[in-house]
Amino acid sequence: MTTRLFGTLCGLVFLVNLGRTVFAPLVETFQTQFGVGPATVGLVTTLVWMGTAVPRIPVGYLLTRVARHRVVLATGALLSLAAAFTALAPSILAVQIGALGIGLASGAYFVAAVPLVGELYPDAVGRAIGIHGTAAQLAAVGAAPVVVGFVAVADWRATFWLLAVLSAVITAVLAYTARDSDAVVEADVDRDFVGALRYWRLLLVGMLMISTAGFVWQGLFNFYVTYLVAAKSFSTTQASTMLTVVFAAGVPAFWLSGRLADRFPTVPYILTVLAAYVASLFALTEVTGFLPVLAVTAVLGYTIHSMFPALDAWLLGTLPAEVRSSAYAVFSGASLLIEANGSGVVGVLTEAGYAFDDVFRTFAFGLAGVVAVLVALYVLGRIPGTDRRAISS
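Cut-off values and rules
- Residues numbered from 1 in each chain as written.
- Predicted model: local features only at pLDDT ≥ 70, side-chain atom pairs only at ≥ 80, totals over all residues.
- Heavy atoms only, no water.
- Axes fitted to C-alpha atoms, helices over the stretch in contact; angles between N-to-C directions.
- Helix = DSSP H or I, 4+ residues; strand = E, 2+ residues; numbered from the N terminus.
- Parallel < 35°, antiparallel > 145°, perpendicular 65-115°, else oblique.
- Left-handed = near helix turned anticlockwise from the far one by under 90°.
- Contact = heavy atoms within 4.5 Å.
- Salt bridge = Lys/Arg side-chain N within 4 Å of Asp/Glu carboxyl O.
- Buried < 20%, exposed > 50% of the residue type's maximum accessible area, 1.4 Å probe, protein only.
- Core = buried A, V, L, I, M, F, W, Y, C linked by side-chain atoms within 4.5 Å.
- Phe/Tyr/Trp six-rings, centres within 6.5 Å; stacked < 30°, edge-to-face > 60°.
- Lys NZ or Arg CZ within 6 Å of the ring centre and 35° of its normal.

Undergrad: Help me get a handle on the packing of helix 11 (residues 224-231) against helix 12 (residues 236-248), residues and values and all.
TA: Relative orientation of the contacting elements helix 11 and helix 12 amounts to 135 degrees, with a least axis distance of 8 Å. Between helix 11 and helix 12, the crossing angle belongs to the class labelled oblique. When the axes of helix 11 and helix 12 are compared, the crossing they make is right-handed. Residues Y224, V225, L228 and V229 of helix 11 touch helix 12, and the partners they reach there are T236, A239, S240, M242, L243 and V246.

Undergrad: Lay out the environment of F14 in plain terms, naming residues and giving numbers.
TA: Structurally, F14 is set in helix 1 (residues 2-21). Between the C-alpha atom of F14 and that of H132, which follows or precedes it by 118 residues, the distance is 8.7 Å. Residues in contact with F14, not counting those within four places in the same chain, are A135, L138 and A139.

Undergrad: Describe the pattern of salt bridges, listing the residues and the values that go with them.
TA: Applying the stated criterion across every chain yields a total of four salt bridges. R68 serves as the salt-bridge partner of E119, at 4.0 Å between the closest nitrogen and oxygen. Of this pair, E119 sits in helix 6 (residues 92-120) while R68 is found in helix 5 (residues 68-87), placing the two residues 51 residues apart along the sequence. One exposure class covers both E119 and R68, and it is buried. The salt bridge partner of E286 is R361, with a shortest N-O separation of 3.3 Å. In this pair, E286 is assigned in the loop between helix 14 (266-284) and helix 15 (290-318) and R361 in helix 18 (residues 356-379), connecting sequence segments 75 residues apart. Classification of E286 by relative accessible area gives exposed; the value is 55%. One network of salt bridges, with partners in common, ties together E286, D358 and R361.

Undergrad: Outline the nonpolar core, supporting the account with residue identities and numerical values.
TA: If you look at the biggest cluster of nonpolar residues, it comprises 123 residues, and the most contacted ones within it are F23, F30, M209 and W314. It is helix 6 that contributes the most residues to this core, 16 residues altogether. Beyond its immediate sequence surroundings of up to four residues, M209 is in contact with V267, I270, L271, L274, M307, L311, W314 and L374.

Undergrad: Describe in detail the environment of A178, supporting the description with residues and values.
TA: You can see A178 is positioned in helix 8 (residues 157-178). Given a relative accessible area of 2%, A178 falls into the buried group. It is 9.7 Å that separates the C-alpha atoms of A178 and L73, two residues lying 105 residues apart in sequence.

Undergrad: Before we move on, could you go through the packing of aromatic side chains and cite the residues and values that matter?
TA: The full count for this structure, using the stated rule, is 21 aromatic pairs. Aromatic pair F30 and W156: ring centres 5.1 Å apart, planes at 85 degrees, arrangement edge-to-face. Of this pair, F30 sits in helix 2 (residues 27-34) while W156 sits in the loop between helix 7 (125-153) and helix 8, and the two are 126 residues apart along the sequence. When sorted by exposure, F30 lands in the same class as W156, which is buried. Within the aromatic cluster, the residues linked to one another by ring pairs are F215, Y224, Y227, F356, F360 and F363. In this structure, R127 packs its charged tip against the face of Y121, placed 5.6 Å from the ring centre. In this arrangement the basic side chain of R259 is found over the ring face of W255, its NZ or CZ atom lying 4.3 Å from the centre.

See the structure below:
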């Protein structure tokens, strides 16, 4: 029963992440279809990611009253309805509303589902979260080909009809699978939302790790094609290929990193990955030529995506069950609100005349300082949860 429930969750997370990544490849299509400019269409993608961040803390409180799997079922239903609404959209405003709905479904899903995955496999949290994240990352890699295929043989609305139907089917399967699993998934409903704040030191350290790296990541990948064309003299096709490589590198990263987080002391492993990410960012600002940039791009994609399952495994393995979902909701919601500003800051700086390489090199220096602070805290024994050791298998 646990295996079937986990497999269904992996299917649903694929659709959830597909829903929030299919809008970017449709930007030009929306401009042509609705006769609007880039700023109007850009608001569509902004609303998706805003929707992903906004519901996390409120849903964290909801999880003190409602079992996690029931919230997951609600997000699946919302995803299906929002996708159908988008498929029927008569105007760009309706598309924006649909995008916000899909974003809300995805944000609520991750807050409820990630702690649930950890509860299903308490002896292998990192491995389970890594597999779950791999399913999500496969959607990110496949979003553009799926959209291009549907636009070529049908139209853009077919993408959302498919998403609506598959989401409804998977949600129904999840409801059927979970009906006999109440003893497993009801046992650890968080009841103490305020109590999660007692672990503020742990949450702040986690945010220092991921919100700084994620802030830079948001600024980097949203401008990656523009950056490579402007600073590295790449063609648009070559730059788009590099962006695909960045996300494709995340597939093995999610798969492997969760397992490594189970096997090694987690905080040193996270710090090592973060240091490698900083080094690759420095390297990106220095290298030229297709193959060198390709190699650095692959390392960048692998290291940043390795951070996510490792950090989730550490937090969920350290937090006590009675506050796990609530604390994770606070952590992920607050972190995303910080990270989401990365692309805006890069846009402002480059529009002000600063070169991309200078901006990203400055970001890399800032991250290097963060790594130094984290290493010092670890050596001094000031990072909560560092007395826990990984589970060998």
